[in-house]
Amino acid sequence: MARYLLRRLAFLGVSLALASVVLFVLLRMLPGNPANALTAVGASPEQIAAARHSIGSDRPLPEQFTHWLGQLASGDLGTSFVSSLPVGPEVVARLDVTVPLTLAAFVLAVLVAVPAGFTAAYRRHTWYGALLSGVSQLGIAIPVFWLGMILIAVFALNAGWLPSGGFPQDGWGDPAEAFRALVLPVVTIALVMSASLIRYVRSATLDVLGSDYLRTARAHGSSFGSAMWRHGLRNASVPVISVLGIELASTLLGAVVVESVYALPGLGSLLATGIAQHDYPVIQGVLFVSTLAVLVIGFLADLVQRFIDPRLRGRLSGGAR
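All of these numbers come straight from a predicted model, not from anything done at the bench. (Residues numbered from 1 in each chain as written. Predicted model: local features only at pLDDT ≥ 70, side-chain atom pairs only at ≥ 80, totals over all residues. Heavy atoms only, no water.)

Q: Would you mind going over the environment of Gln71 with me for this structure?
A: With respect to the helices, strands and loops of the structure, Gln71 is situated in helix α3 (residues 61-73). Those residues in contact with Gln71 that sit more than four places away from it in its chain are Asp76 and Gly78. (Helix = DSSP H or I, 4+ residues; strand = E, 2+ residues; numbered from the N terminus. Contact = heavy atoms within 4.5 Å.)

Okay, structure coming up:
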């Protein structure tokens, strides 16, 4: 197990290093000059050159990349070209919105999708089992921004039950107001995510229901509930855990859309502002933190799978020998 963890950690480090290279190169290939955001319209070439020198964009790309790697090694995400403020504290401040939003939506989606997916599989020949499958298909086709606008129109503008957007200026200083501000965004993400998860849970459950080991357990006198709990649940959860990791990672990356719809001051709005201003350190900082989160989520999902499935642990032990 120690060898496996070391290999996975090494793979995590290599993946992060490759991602940083790709991120740096692709960002420099985008059209536009970050110095333009620091100068007024109609600035002279001398003023633009001075702005480029002040932010270091006139240096050779290898030198810029080496400087950025040195900052990352020391835990520094750089300094914003526009605001001249450190990017790291700003990213951490925005995580106060993005992380609760993502985790709350993920938990709600799982609570909805697991029983709904199981029911859709177990009762697939009933009208409500077919209805659950149909609703999940419809939910996958609905764009998240369109669903967000519908929920705003119904529950915020018409009913007036919840705010249509924004976040308290003092953040979580008033937990009740902060919670109310996140209700609609959380529901928006959870509905779209649960629609996808229902399909995977249904598919995994159908595989278990048709398995030989479940029929053997029933033939030996176990009830359906007992057989599912002792044998089916673990086997069905292995592929679902992998999907859960992917869904959690994609939700974190896709929060930019929902945060834009609800005007939330999270990582999404920070990234959008950085792109509009060609603020390379801000863009790099947000995408680097997001990439790190995605890689860590995948790493943890893989560990959970190997802990649950003894067949994976067996292959791990065989590989270690």
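Q: Where do I start with the pattern of salt bridges in this structure?
A: Between side chains of opposite charge, a pair can form as their charged atoms come close. Per the counting criterion, the structure on display carries 3 salt bridges. For Glu63, the salt bridge is made with Arg59, and the minimal N-O distance between the two is 3.8 Å. Assessed through its relative accessible area of 39%, Glu63 is described here as partly exposed. Among the residues examined, Arg59 registers a relative accessible area of 31% and is labelled partly exposed. Here Arg94 and Glu90 are joined by a salt bridge, their closest N and O atoms 2.9 Å apart. Taken as a pair, Arg94 and Glu90 lie in helix α4 (residues 87-122) at a separation of 4 residues, close to a single helical turn. Residue classification places Glu90 among the partly exposed residues on the basis of a relative accessible area of 31%. (Salt bridge = Lys/Arg side-chain N within 4 Å of Asp/Glu carboxyl O. Buried < 20%, exposed > 50% of the residue type's maximum accessible area, 1.4 Å probe, protein only.)

Q: Any chance you could explain the packing of aromatic side chains here in plain terms?
A: Aromatic rings in a pair are described by how distant their centres are and how their planes are angled relative to each other. Using the criterion set out here, one finds 9 aromatic pairs in the structure. A ring pair is formed by Phe81 and Tyr280, whose centres lie 6.3 Å apart and whose planes are at 55°; its orientation type is tilted. In this pair, Phe81 is assigned in the loop between α3 and α4 and Tyr280 in helix α12 (residues 280-308), connecting sequence segments 199 residues apart. Owing to a relative accessible area of 15%, Phe81 belongs among the buried residues under this scheme. (Phe/Tyr/Trp six-rings, centres within 6.5 Å; stacked < 30°, edge-to-face > 60°.)

Q: When you look at the nonpolar core in this model, what are you seeing that I'm missing?
A: One recurring pattern in soluble globular proteins: nonpolar side chains tend to sit buried together. In terms of nonpolar packing, the biggest core is built from 35 residues, with Phe167, Leu182, Leu197, Tyr262 and Leu264 touching the most fellow members. When contributions to this core are tallied by element, the ones reaching two or more residues are α4, α6 (144-158), α7 (175-209) and α9 (224-253). Ranked by residue count, the leading element in this core is α7, at 12 residues. Those residues in contact with Tyr262 that sit more than four places away from it in its chain are Gly148, Leu151, Ile152, Ser164, Gly165, Gly166, Leu184, Pro185 and Thr188. Formed by 20 residues, the second largest nonpolar core is a distinct cluster that contains Leu267, Leu270, Val282 and Phe288. (Core = buried A, V, L, I, M, F, W, Y, C linked by side-chain atoms within 4.5 Å.)

Q: Would you mind showing me how to read helix α1 (residues 2-29) here?
A: The periodicity of an α-helix, 3.6 residues per turn, causes residues three or four positions apart to be oriented the same way. In this model α1 runs 41 Å from its N-terminal to its C-terminal C-alpha over 28 residues, within 8% of the 40 Å that 1.5 Å per residue would give. Every buried residue belonging to α1 is among Tyr4, Leu12, Ser15, Leu16, Ser20, Leu23, Phe24, Leu27 and Arg28, and all of these are buried. (Expected span 1.5 Å × (residues − 1).)

Q: What am I meant to see in the environment of Gln47 here?
A: Note that Gln47 resides in helix α2 (residues 45-55). A relative accessible area of 46% means that Gln47 is categorised as partly exposed. Once the C-alpha coordinates of Gln47 and Ala35 are considered, the two residues, 12 residues apart in sequence, prove to be 9.2 Å apart.

Q: Would you take a moment to explain the packing of α1 against α12 for this structure?
A: Each pair of packed helices can be summarised by the angle the axes make with each other and by the distance between the axes. Direction vectors running N to C along α1 and α12 enclose 155°, while the axes themselves pass 10 Å from each other. Between α1 and α12, the angle is such that the two are roughly antiparallel. Note that α1 runs across α12; the crossing there is right-handed. (Axes fitted to C-alpha atoms, helices over the stretch in contact; angles between N-to-C directions. Parallel < 35°, antiparallel > 145°, perpendicular 65-115°, else oblique. Left-handed = near helix turned anticlockwise from the far one by under 90°.)

Q: Looking at this model, I keep getting lost on the layout of surface pockets. Mind explaining?
A: Picture a little ball the size of a water molecule; that probe, rolled over the atoms, points out where space is still empty. Looking at the largest pocket, its volume works out to about 410 Å³. Lining the largest pocket we find 23 residues, and of these Arg28, Ile55, Gly56, Gln64 and Phe81 sit closest to its centre. Those elements that provide at least two residues to the lining of the largest pocket are α1, α2, α3 and α12. For the lining of the largest pocket, the element with the most residues is α3, which contributes 5 residues. Considered class by class, the residues forming the lining of the largest pocket number 9 nonpolar, 11 polar and 3 charged. (1 Å grid on protein atoms, 1.4 Å probe; cavity = no way out; pocket = protein on both sides within 12 Å on 5 of 7 lines; lining within 4 Å. Points joined across faces, edges and corners; volume = space filled by probe spheres on them. Nonpolar A, V, L, I, M, F, W, Y, C, P; charged D, E, K, R; others polar.)

Just distances and angles here, no functional claims.
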